[in-house]
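# Overview (structure and organization)
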Amino acid sequence: MLDRLVARAAQLPAYGELRWHANHSSRIMMRKGVLLANGRSRDSGLSARLYHNGAFGFAAAPADDEASLAAVIATARDNAEFAGGHAASGGLSTAAGSGSYDYRSKRAPLSAEQRVEIVRRLDEAIRSRYPGLVNVDIALSSNASEKILANSDGAATYSFVPRAALVVSMSVAANDGIVELYDILGGFGEIEDQSFDEANLAPWLEDLHENLRRKAEGGQCEAGDHDVVLDSALAGILAHEAIGHTCEADLVLAGSVAGDHLGELVASEKITLGDYGGRGPDGKSSFAIHVDDEGTPCRDVAIIENGVLKNFLHNKRTAQMLGAEPAGNARAFSFQDEPLVRMRNTCIAKGNDKLSDMIGAIERGYYLKRSTNGQADATSEFMFGVNCGYEIRDGKLGRAIRDTTISGVAFDMLKTVTHVGDDFHWSAGGGWCGKKQVIAVGMGGPSIKCRVTLGGRG
């Protein structure tokens, strides 16, 4: 297939990309021993995207034969001509990415029966060890993106990037109702590469159950502005949602608040935040990318360096319009999607502060351990759910708190950062981004001490 795409890409009448793309996924869901879902799926097809007179035309088909390839090229060319854009100065050509990046497991594949058995044994172990639980949900999932891409500049690459995740949710009855807590394990690789047996998971399950028990005995946090310590699990989603999106060049062109502040101090000088190719600066992210879906080799991008906004994230088109150099941020979820400006492995760099010192520096505040989901807009205003946290009183951890939210304006909040931890973690299980197309990303960071607004009882 790669040879076919390379040969056809060399014959394109203008700049263009040809991509064969398949997504492989599986999901098993069990509730209190009852199997609720057990499915596998695969979707694949061809796409072509051609640039003509200042506009891209795109076409895709769920096939991989020669006739379908010729048809999508012809349709993409027609669509580009119909679009009739306005040419910006500068060309679209960049360095041409190449190479094979095959991360499929070297272990023998597990059968569907063996995967279900992993979940069944884990469910039995949890309900036996913690008989007071009113519910246990377990989800075991895998996703792999397989791509072959060639463009008219000479890019030619293959990739197979898998991820696997295990989610365990426990519920108990508290005095005022049901209290729930979940956590996620896994990340880069296939299910065969993970250690999901009950013996290896025992310490993790014990920590999850202990946090749930304390949460059930805990109370609501006080609403309002507070000094907090955000665990590294929250720092990652903050880096992605609240900062990263505002620095995507298509959103900058649409009026993102970041557009007016390039070269300015937008955060504490302790904050350095970047978007990375490969598997991130430490090579341990849950996601890998080496060549993007326009064929551009992936380079690291320093978004914020010592508090100063340095760069935006680009595809070929936004780089052309803003006079920048693309670094491999054009990505598509499936064969039928056009590549958009997307983040890859986005994280805040670790600092030198100890978590204990951060907690000890707060007289009255909160330690927030885990987020649920979050969202932000082009103003950098954000709101995230928090499902696990503790009070801080006189520099020590106190009682647990129930579910709450944190909110603020990211560029304001980052200026309140006084400590950046020497710890660093990528989000377990791998992150997903929902900007128009859901897509795999890596999110990470250290613990940070800052000031945010918490929801709760006033």
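Residues numbered from 1 in each chain as written. Predicted model: local features only at pLDDT ≥ 70, side-chain atom pairs only at ≥ 80, totals over all residues. Heavy atoms only, no water.

### Quick word on the overall build of the protein chain
On a plain count of helices and strands, the protein chain comes out with 9 helices and 23 strands. Across the 458 residues in the protein chain, those meeting the buried criterion constitute 54%. Looking at the protein chain as shown, the accessible area adds up to about 18,700 Å², and 48% of this sits on carbon and sulfur atoms. Of the side chains in the protein chain, 48 bear a positive and 59 a negative charge, and the two mean positions are spaced by 3 Å. (Helix = DSSP H or I, 4+ residues; strand = E, 2+ residues; numbered from the N terminus. Buried < 20%, exposed > 50% of the residue type's maximum accessible area, 1.4 Å probe, protein only. Areas by Shrake-Rupley, 256 points an atom, 1.4 Å probe, with all protein chains shown as cover. Lys, Arg positive; Asp, Glu negative; His and termini not counted. Charge placed at Lys NZ, Arg CZ, Asp CG, Glu CD.)

### Overview of the layout of surface pockets
Think of a ball as big as a water molecule: rolled over the atoms, this probe shows where empty space is left. Within this model, the largest pocket holds a volume of roughly 840 Å³. What lines the largest pocket is a set of 31 residues, among which D183, I184, S371, S427 and A428 lie closest to the centre. Only strand 5 (135-151), strand 6 (156-174), strand 7 (177-188), helix 5 (232-244), strand 15 (364-376), strand 20 (425-426) and strand 21 (431-433) provide two or more residues apiece to the lining of the largest pocket. Ranked by residue count, the leading element in the lining of the largest pocket is strand 15, at 6 residues. Taken together, the residues of the lining of the largest pocket break down into 11 nonpolar, 13 polar and 7 charged. Counting only elements with at least two residues in the lining of the second largest pocket, the list comes to strand 1 (16-31), strand 2 (34-52), strand 5, strand 6 and strand 22 (439-445). In the lining of the second largest pocket, the residues fall into 14 nonpolar, 10 polar and 6 charged. (1 Å grid on protein atoms, 1.4 Å probe; cavity = no way out; pocket = protein on both sides within 12 Å on 5 of 7 lines; lining within 4 Å. Points joined across faces, edges and corners; volume = space filled by probe spheres on them. Nonpolar A, V, L, I, M, F, W, Y, C, P; charged D, E, K, R; others polar.)

### Points about the side chain of S232
Along the chain, S232 falls in helix 5. Taking the relative accessible area as the measure of exposure, S232 reaches 4% and is therefore buried. In contact with S232, not counting residues within four places along its chain, are H425, G445, P446 and S447. (Contact = heavy atoms within 4.5 Å.)

### Considering empty space enclosed by the protein
A full pass over the atoms with the stated rule returns 1 cavity of 30 Å³ or more. As a volume, the largest cavity reaches approximately 30 Å³. Lining the largest cavity, in full, are E17, R19, S47, R49, F58, D293 and P339. Listed by contribution, the elements that provide at least two residues to the lining of the largest cavity are strand 1 and strand 2. Here the lining of the largest cavity is composed, by residue class, of 2 nonpolar, 1 polar and 4 charged.

### Quick word on unusual backbone geometry
Phi at K32 takes a positive value of approximately 50°, unusual for a residue other than glycine. By relative accessible area, which is 43% here, K32 ends up partly exposed. A positive phi is found at N306, a non-glycine position, where the angle reads about 50°. For N306, the position within the fold is in the loop between strand 10 (301-305) and strand 11 (308-309).

### Concerning the packing of helix 1 (residues 2-10) against helix 2 (residues 66-83)
At their nearest, the axes of helix 1 and helix 2 sit 12 Å apart, and the two run at 35° to each other. Our pair here, helix 1 against helix 2, has a crossing hand that is right-handed. Counted together, R4, L5 and R8 of helix 1 and E66, L69, A70 and I73 of helix 2 form the full contact between these two elements. Split into classes, the residues belonging to the contact of helix 1 with helix 2 amount to 4 nonpolar, no polar and 3 charged. (Axes fitted to C-alpha atoms, helices over the stretch in contact; angles between N-to-C directions. Left-handed = near helix turned anticlockwise from the far one by under 90°.)

### Re a nonpolar patch on the surface
A cluster of nonpolar side chains, contributed by L253, M321 and L322, occupies part of the molecular surface with about 260 Å² of accessible area. Tracing the backbone through its elements, the reader meets L322 in helix 7 (residues 316-322). You can call L322 partly exposed: its relative accessible area is 38%. (Patch = residues over 30% accessible without salt bridge, like charges linked within 9 Å, V, L, I, M, F, W, Y side chains within 5 Å. Salt bridge = Lys/Arg side-chain N within 4 Å of Asp/Glu carboxyl O.)

### A word on the nonpolar core
Counting residues in each nonpolar core, the largest one holds 49 residues, and the members touching the most others are L230, L238, I304, L368, F382, I406 and L414. With residues up to four places along the chain from it excluded, the contact list for L368 reads V228, V229, L230, D231, L234, V386, C388, G389, I401, I406 and L454. With 29 residues, the next largest nonpolar core counts V116, A164, V168 and C388 among its residues. (Core = buried A, V, L, I, M, F, W, Y, C linked by side-chain atoms within 4.5 Å.)

### Looking at the pairing of strand 14 (residues 345-348)
On strand 14, burial covers both faces: N345 and C347 on one face and T346 and I348 on the other are all buried. Pairing analysis gives 4 bridges linking strand 9 (residues 273-276) to strand 14, with the strands arranged antiparallel. For G274, the partnering residue across the bridge sits in strand 14 and is C347. Looking at chain direction, strand 14 and strand 22 are connected through 3 bridges and run parallel. Residue T346 lies in a different strand from strand 22, and its bridge partner there is M443. (Pairing = 2+ DSSP bridges.)

### A few points about the packing of aromatic side chains
Within this structure, the stated rule accounts for 5 aromatic pairs. Relative to F56, the ring of Y15 lies with its centre 6.4 Å away and its plane at 75°, an arrangement referred to as edge-to-face. Here the residue Y15 occupies a position in the loop between helix 1 and strand 1, and F56 occupies one in strand 3 (residues 55-61), the gap between them amounting to 41 residues. As far as burial versus exposure is concerned, Y15 and F56 are alike and both buried. Here Y103 and F188 contribute two aromatic rings whose centre-to-centre distance is 5.0 Å and whose plane-to-plane angle is 75°, an arrangement assigned as edge-to-face. (Phe/Tyr/Trp six-rings, centres within 6.5 Å; stacked < 30°, edge-to-face > 60°.)

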